[in-house]
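So you can see what is in the structure, the chains are spelled out below.
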Amino acid sequence: RVQILLKNELNEPTTLNFPGLPLPASQLGIGDVTERPIPPGGERLYSFTVTPDMVGTHLYESGTDMASEIDQGLHGVLLVDPARGSLYPFAKVDALYEIDAWMVDGSTTENAFGLDGKPYPNAPELTVPYGSRVVLRIVNASGMCDHAMHVHETTFWLLAEDGHPLPVPRPMNVLAIAPGETADIEFAADVRGDWMFHCHILDHMMNPDDEVDMMGGLVTFIHVK
Ligand SMILES: [Cu+2]
C-alpha cells in the first residue's frame with residue numbers, strides 16, 4: 001500500500017498525476033478532470049496498492065497547468081521493484097536518466113534540454129565497469145518534445161517501454177521516446193573509453209546559451225573503465 005501526501009507549497013493550484021499506472025480515476029490526479037486542483041497551502045493524500053503489473057519504470061508529474069508546471073520541474077520517476085529480487089538481476093549497473101526540457105528566453109515551446117535537471121557539461125555522467133551489463137532507465141519528462149536517444153560505441157537492446165517488458169528485446173542504436181514515455185535499455189560495456197550519450201535531434205544538443213562551445217543540452221558521457 002502506497003500513500004503519497006502532496007502538500008502544495010506553490011502559489012498556484014496543482015495535482016499529482018501518475019500516467020501509465022493502472023490506478024482508479026480518483027487517484028489519477030488530473031486537475032479539473034478527475035479532481036479539483038489542490039489550492040495553495042492545501043494538501044491531498046494519494047493512495048494505491050502496488051500490483052505485479054506495475055513493476056517497472058514510470059513517470060509522475062503535475063496534472064494541472066501542465067505546460068507551465070512540468071516545464072518548471074514538477075516531475076519525477078517512480079520505480080516499482082518486484083517484491084523479491086531486482087527487475088534486472090543480470091545488470092551490474094541499473095541507472096536512471098530523466099530527460100528534462102524548459103522554455104527559456106520567452107520561448108513558448110521547449111528550447112532548452114538536460115538530463116536529471118542539468119544540461120551538458122553539468123549533467124551527471126555515469127562510470128561503469130568494463131565488461132559489465134548495464135541497464136539504463138530513460139524517462140522523457142519533456143512536456144512537448146520527442147527525443148532520439150543515442151549511445152555511442154554500442155548497439156543497445158530495448159527491454160521495456162512504459163513499464164511493460166517486451167516479449168523479445170529489440171536491438172537498436174537510436175531510441176525514439178515520446179513525452180511521458182519511459183524505456184529500459186541494456187548494453188554490454190565492452191569497449192573501454194568515453195561514450196557519448198545524447199539526443200540525436202541536433203538542436204536538443206545546443207541550448208540557447210551554448211553558441212560558444214556548440215555543445216550542451218541533452219548530452220552526457222558514459223565512461224567504461
Ligand atoms: Cu531531444
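Caption draft 1: Seen up close, the coordination of the copper ion. Around the copper ion, the protein contributes the donor atoms His 147 (ND1), Cys 199 (SG) and His 204 (ND1), at 1.9 to 2.1 Å from the metal centre. Between the donor residues of the copper ion, the gaps in sequence give the motif H-x51-C-x4-H. A single burial state applies to Cys 199 and to His 204, both of which are buried.

Caption draft 2: Structural detail: the state of the cysteines. Counted under the stated rule, the structure contains 0 disulfides. Cys 199 provides the cysteine sulfur closest to Cys 145, a residue in no disulfide bond, and the two sulfurs are 8.6 Å apart. Judged by its relative accessible area of 13%, Cys 145 is buried.

Caption draft 3: Looking closely at the pattern of salt bridges. Summed over the entire model, instances satisfying the criterion amount to 3 salt bridges. Notably, a salt bridge pairs Arg 137 with Asp 94, separated by 2.9 Å at the nearest N-O pair. Note that Arg 137 is positioned in strand E9 (residues 133-140) and Asp 94 in strand E6 (residues 93-102), a separation of 43 residues in sequence. Since its relative accessible area comes to 3%, Arg 137 is described here as buried.

Caption draft 4: Seen up close, the nonpolar core. With 32 residues, the main nonpolar core has Leu 136, Ile 138, Met 149, Leu 175, Phe 197 and Ile 222 as its most contacted residues. Considering each element in turn, this core owes the most residues, 5 residues, to E6. Setting aside anything within four residues of it in sequence, one finds Phe 197 in contact with Tyr 97, Leu 115, Leu 136, Ile 138, Met 149, His 150, Val 151, Leu 218, Val 219, Thr 220 and Ile 222. By size, the runner-up hydrophobic cluster in this structure holds 11 residues, among which are Leu 16, Ile 38, Phe 48 and Met 54.

Basis of the calculations
Residues numbered from 1 in each chain as written. Predicted model: local features only at pLDDT ≥ 70, side-chain atom pairs only at ≥ 80, totals over all residues. Heavy atoms only, no water. Donors = N, O, S within 2.8 Å, 3.2 Å for Na, K, Ca; no water. Buried < 20%, exposed > 50% of the residue type's maximum accessible area, 1.4 Å probe, protein only. Disulfide = S-S within 2.5 Å. Salt bridge = Lys/Arg side-chain N within 4 Å of Asp/Glu carboxyl O. Helix = DSSP H or I, 4+ residues; strand = E, 2+ residues; numbered from the N terminus. Core = buried A, V, L, I, M, F, W, Y, C linked by side-chain atoms within 4.5 Å. Contact = heavy atoms within 4.5 Å.

Remember, this is a structural readout, not a statement about activity or role.
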